[in-house]
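Fold and contact review
Here is how the chains run, residue by residue.
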Amino acid sequence: MKGAKAYLASLLIVAGTLPAPEAAAADGKGQFGVRGAGLVTCALYNQERDARSEVYRVVAAWMDGYITGSNQHAVDTYDIASFESTELLAALVSENCKKYPDTPIFVVLRAIIEKSAETRLRAPSKKVEVAIGDRKVLLYEEVLRRIQEKLASAGFYRGPINGTYDAKTQAAMKAFQTSAKLEPTAFPDQLTLLRLLSGGS
């Protein structure tokens, strides 16, 4: 977990920088209203996240709603956060908020989502359950194909790009995790996927 925190801290908007709060488009002057939990400041968000309070749970639910709205209105997009869980996005917001304590979390989340659009899902894809030991996750089949492609291009995987998390894919993932100094579980956890699919390895 210590390595995971260090990696998240190094991301700063997944290797980007925050845009100015007024750099959004909506009306003729590029202004629009932000409502609800998006107005919570970064400082308050991190305080409530540390406490795992009701405020934090409300903000996390708001984040899911924001992603759904982005999916609905973004061009050429089925899911703008193709593999990122709410908890991963919440952690990324938290790390970036440390640098921008007075900024509304909407600004931070918007920048992260704009960056994640690079790996968005452009069309529907069925979800596949991946289970290793007692750990389970649902991932889009297209994401599993991307995992295989990334592992293959890095020299860890020699098999079909078929969206199946089979024994060869698991062995390749374990080798990737070892090379990236992550816990070699073969499980496609969020930090591993962030490193592999977002080019942070």
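As a starting point, this report considers the structure included with it.

Glancing now at the state of the cysteines. By definition, a disulfide links the sulfur atoms of two cysteines through a covalent bond. What the rule picks out here adds up to 1 disulfide. Two residues share a disulfide in this structure: Cys42 and Cys97, whose sulfurs sit 2.1 Å from each other. Taking the sign of the torsion about the S-S bond as the criterion, the disulfide between Cys42 and Cys97, at about -55 degrees, is left-handed. Separated by 55 residues along the polypeptide, Cys42 in helix α2 (residues 42–51) and Cys97 in helix α4 (residues 86–97) bring together distant segments of the chain. As far as burial versus exposure is concerned, Cys42 and Cys97 are alike and both buried.

Side chains that are nonpolar tend, in soluble globular proteins, to be buried together. Counting 50 residues, the largest nonpolar core has Tyr45, Val93 and Ile147 as the members making the most contacts within it. Top element by residues in this core is helix α5 (residues 105–116). It accounts for 7 residues. In contact with Ile147, other than residues within four places in its own chain, are Leu139, Thr169, Met173, Leu193, Leu196 and Leu197.

So, on to the packing of helix α3 (residues 54–73) against α4. Pairs of packed helices are described in terms of their axes, by the angle between the two and the distance that separates them. Running from N to C, α3 and α4 point in directions that differ by 110 degrees, and their axes come no closer than 10 Å. With respect to each other, α3 and α4 are oriented roughly perpendicular. Across the interface between the two elements, Tyr56, Ala60, Met63, Asp64 and Ile67 from α3 touch Thr86, Glu87, Leu89, Ala90 and Val93 from α4. Tallied by class, residues from the contact of α3 with α4 come to 7 nonpolar, 1 polar and 2 charged.

Before going further, it helps to examine helix α8 (residues 190–197). Across the 8 residues of α8, 8 count as buried, placing the element largely inside the fold. Buried within α8 we find Gln190, Leu191, Thr192, Leu193, Leu194, Arg195, Leu196 and Leu197. Its side-chain oxygen placed 3.1 Å from the backbone nitrogen of Leu191, Asp189 serves as the N-cap of α8.

Attention now goes to the pattern of salt bridges. Counted under the stated rule, the structure contains 12 salt bridges. A salt bridge links Arg57 to Glu54; its shortest N-O distance comes to 3.1 Å. With Arg57 and Glu54 both in helix α3, this residue pair falls 3 residues apart, about one helical turn. Residue Lys98 is joined to Glu95 by a salt bridge in which the shortest nitrogen-to-oxygen separation is 3.1 Å. When its relative accessible area of 53% is taken as the criterion, Lys98 is described as exposed. Using a relative accessible area of 12% as the deciding quantity, one classes Glu95 as buried.

Time to look at the packing of aromatic side chains. Enumeration over the complete set of coordinates arrives at 6 aromatic pairs. When the ring of Trp62 is compared with that of Tyr66, the centres are 5.7 Å apart and the planes differ by 25 degrees; the resulting orientation is stacked. Taken together, the positions of Trp62 and Tyr66, both in helix α3 and 4 residues apart, correspond to about one turn of that helix. On the basis of relative accessible area, Trp62 is assigned to the buried category, the value being 19%. Put simply, the rings of Phe32, Trp62, Tyr66 and Phe106 touch in pairs and so form one group of aromatic residues. Stacked on the ring of Tyr140, the Lys or Arg Lys127 has its end atom at 4.9 Å from the ring centre.

Cut-offs applied
- Residues numbered from 1 in each chain as written.
- Predicted model: local features only at pLDDT ≥ 70, side-chain atom pairs only at ≥ 80, totals over all residues.
- Heavy atoms only, no water.
- Disulfide = S-S within 2.5 Å.
- Helix = DSSP H or I, 4+ residues; strand = E, 2+ residues; numbered from the N terminus.
- Buried < 20%, exposed > 50% of the residue type's maximum accessible area, 1.4 Å probe, protein only.
- Core = buried A, V, L, I, M, F, W, Y, C linked by side-chain atoms within 4.5 Å.
- Contact = heavy atoms within 4.5 Å.
- Axes fitted to C-alpha atoms, helices over the stretch in contact; angles between N-to-C directions.
- Parallel < 35°, antiparallel > 145°, perpendicular 65-115°, else oblique.
- Nonpolar A, V, L, I, M, F, W, Y, C, P; charged D, E, K, R; others polar.
- Polar contact = N/O pair within 3.5 Å; in protein donor to acceptor, adjacent residues only side chain to side chain.
- Salt bridge = Lys/Arg side-chain N within 4 Å of Asp/Glu carboxyl O.
- Phe/Tyr/Trp six-rings, centres within 6.5 Å; stacked < 30°, edge-to-face > 60°.
- Lys NZ or Arg CZ within 6 Å of the ring centre and 35° of its normal.

Function-wise, these values are silent; they only describe arrangement.
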